[in-house]
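Examining the three-dimensional arrangement
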Amino acid sequence: MKFEPGFIPPGDASGTAFWFLFQDQRLLVRSEEDDVKLPLTDHPPLPLAGRCLYLGVLDGYPCFTAEAASAAGPPDGFSFEGLRGLYGRMEATPFQVAGLGLQIVAWDRDHRFCSRCGAPLQDREGERAKECTGCDRTVHPRISPAIIVAVVRDGRLLLGLSRRYRDLKRYSVLAGYVEVGEHLEATVQRELMEEVGIRVRNIRYFGSQSWPYSGSLMVAFTAEYAAGDIRVDGSEIVEAGWFPPHLLPRVPGQDSIAGQLIDWFVKTCA
């Protein structure tokens with residue numbers, strides 16, 4: 001399936017369209033075993049709680065996104081499901097559009113008034129943005145950049161156990177948000193020093209992934225151990241260690257960039 005993003009809806013918006021409708025960040029879908037379908041109708045399949053926003057064209061059909069009314073139950077055959085659970089069951093392109101829809105819905109809902117003067121915001125002509133009716137300030141959708149890094153030492157991978165996943169015992173490569181004025185490689189060094197007390201070298205770009213659940217852009221790197229002994233900070237990371245490819249603990253799946261980094265390590269160092 002091919003997607004062409006856009007922000008200006010077609011002149012006649014009454015035809016058949018894909019609907020990306022969310023309720024508590026869960027997407028309305030028809031799920032049958034491994035076959036997950038979106039509503040494809042000429043009208044919203046249930047009452048909406050907010051504005052209907054245009055996303056672009058998917059497989060020749062316009063796409064709209066919105067929040068469903070909180071009390072609205074799904075139509076027969078449909079259910080609301082979290083995006084994480086749909087990965088691998090839903091085709092890749094619609095899944096990416098769903099992530100876009102989730103972020104655009106949240107941005108539209110949370111940016112109704114200007115944070116500078118308090119006047120209402122209105123859609124800006126010609127781009128995905130809003131402008132203030134009082135002070136003319138322009139507001140664009142924003143993402144929060146974050147780094148995630150696979151550190152290798154003598155054929156072993158650095159994995160940490162986050163406090164959030166302590167009960168699940170699910171380890172992962174380390175990550176953190178970029179601070180104001182900081183370049184990405186500096187974030188890699190700072191986060192590793194703050195969370196586990198080590199330094200790295202040969203930082204290399206690996207890839208990136210939009211992470212719609214938190215409105216982030218995850219920028220992935222690989223790196224080599226340089227110095228230091230592991231000292232976990234105790235607040236973000238509660239356990240950490242070096243693991244060979246054949247003795248990995250429970251780790252994220254390949255739906256995430258973290259899982260892809262770990263898979264790279266296994267293929268490289270096994």
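It should be noted that the structure appears before, not after, this text.
So, on to the packing of aromatic side chains. Tallied over the full model, the rule gives 8 aromatic pairs. Cluster of aromatic residues (ring-pair linked, three or more members): Trp19, Tyr54 and Phe64. Residue placement shows Lys130 over the ring face of Trp107; its charged tip is 5.1 Å from the ring centre. Over the aromatic face of Tyr225 sits the side chain of Arg153, whose NZ or CZ is 3.9 Å from the ring centroid.

Here we come to helix α3 (residues 184–196). For α3, built from 13 residues, the straight-helix expectation of 18 Å at 1.5 Å per residue is met to within 8% by its first-to-last C-alpha distance of 18 Å. For α3, the full list of buried residues reads Thr187, Val188, Arg190, Glu191, Leu192, Glu195 and Val196. In this fold, the buried residues of α3 make contact with β12 (144–153), β13 (156–162), β14 (174–177), β15 (199–211), β16 (216–227) and β17 (237–243). Gly197 lies just past α3 and shows a positive phi near 75°.

This part is about the side chain of Ser162. Looking at the secondary structure, you find Ser162 in strand β13. Contact partners of Ser162, with chain neighbours within four places excluded, come to Glu236, Ile237 and Val238.

This part covers the pairing of strand β6 (residues 53–58). Put simply, side chains in a regular strand alternate between the two faces of the sheet. Where burial is concerned, most of β6 is hidden: 5 out of the 6 residues are buried. Relative to β6, strand β1 (residues 3–5) runs antiparallel, the two sharing 3 bridges. Of the residues in β6, the one forming a bridge with Glu4 is Val57. Here 5 bridges tie β6 to strand β7 (residues 61–67), and the two strands are oriented antiparallel to one another. Residue pairing across strands places Gly56 opposite Cys63, the latter belonging to β7.

Attention shifts here to the nonpolar core. In this structure, Phe20, Leu27, Leu38, Leu83, Leu86 and Met90 are the most contacted members of the largest nonpolar core, which totals 20 residues. Where this core is concerned, the elements lending two or more residues are β2 (17–23), β3 (26–32), β6, α1 (83–86) and α2 (92–110). Looking at which element gives the most residues to this core, the answer is α2, with 6 residues. Core analysis: the next-biggest nonpolar cluster, separate from the first, contains 19 residues, Ala146, Leu159, Val238 and Ile262 among them.

Quick look at the sheet that holds strand β11 (residues 138–139) now. Here 3 strands make up an open sheet; going across it, the order is β9-β10-β11 and the pairing antiparallel. Two strands bound the open sheet, and with one partner strand each, they are β9 (121–123) and β11. Taken together, the 2 bridges between strand β10 (residues 130–132) and β11 define a ladder with antiparallel strand orientation. Pairing of Lys130 across the sheet is with Val139, part of β11.

Definitions and limits used
Residues numbered from 1 in each chain as written. Predicted model: local features only at pLDDT ≥ 70, side-chain atom pairs only at ≥ 80, totals over all residues. Heavy atoms only, no water. Phe/Tyr/Trp six-rings, centres within 6.5 Å; stacked < 30°, edge-to-face > 60°. Lys NZ or Arg CZ within 6 Å of the ring centre and 35° of its normal. Helix = DSSP H or I, 4+ residues; strand = E, 2+ residues; numbered from the N terminus. Expected span 1.5 Å × (residues − 1). Buried < 20%, exposed > 50% of the residue type's maximum accessible area, 1.4 Å probe, protein only. Contact = heavy atoms within 4.5 Å. Pairing = 2+ DSSP bridges. Core = buried A, V, L, I, M, F, W, Y, C linked by side-chain atoms within 4.5 Å.

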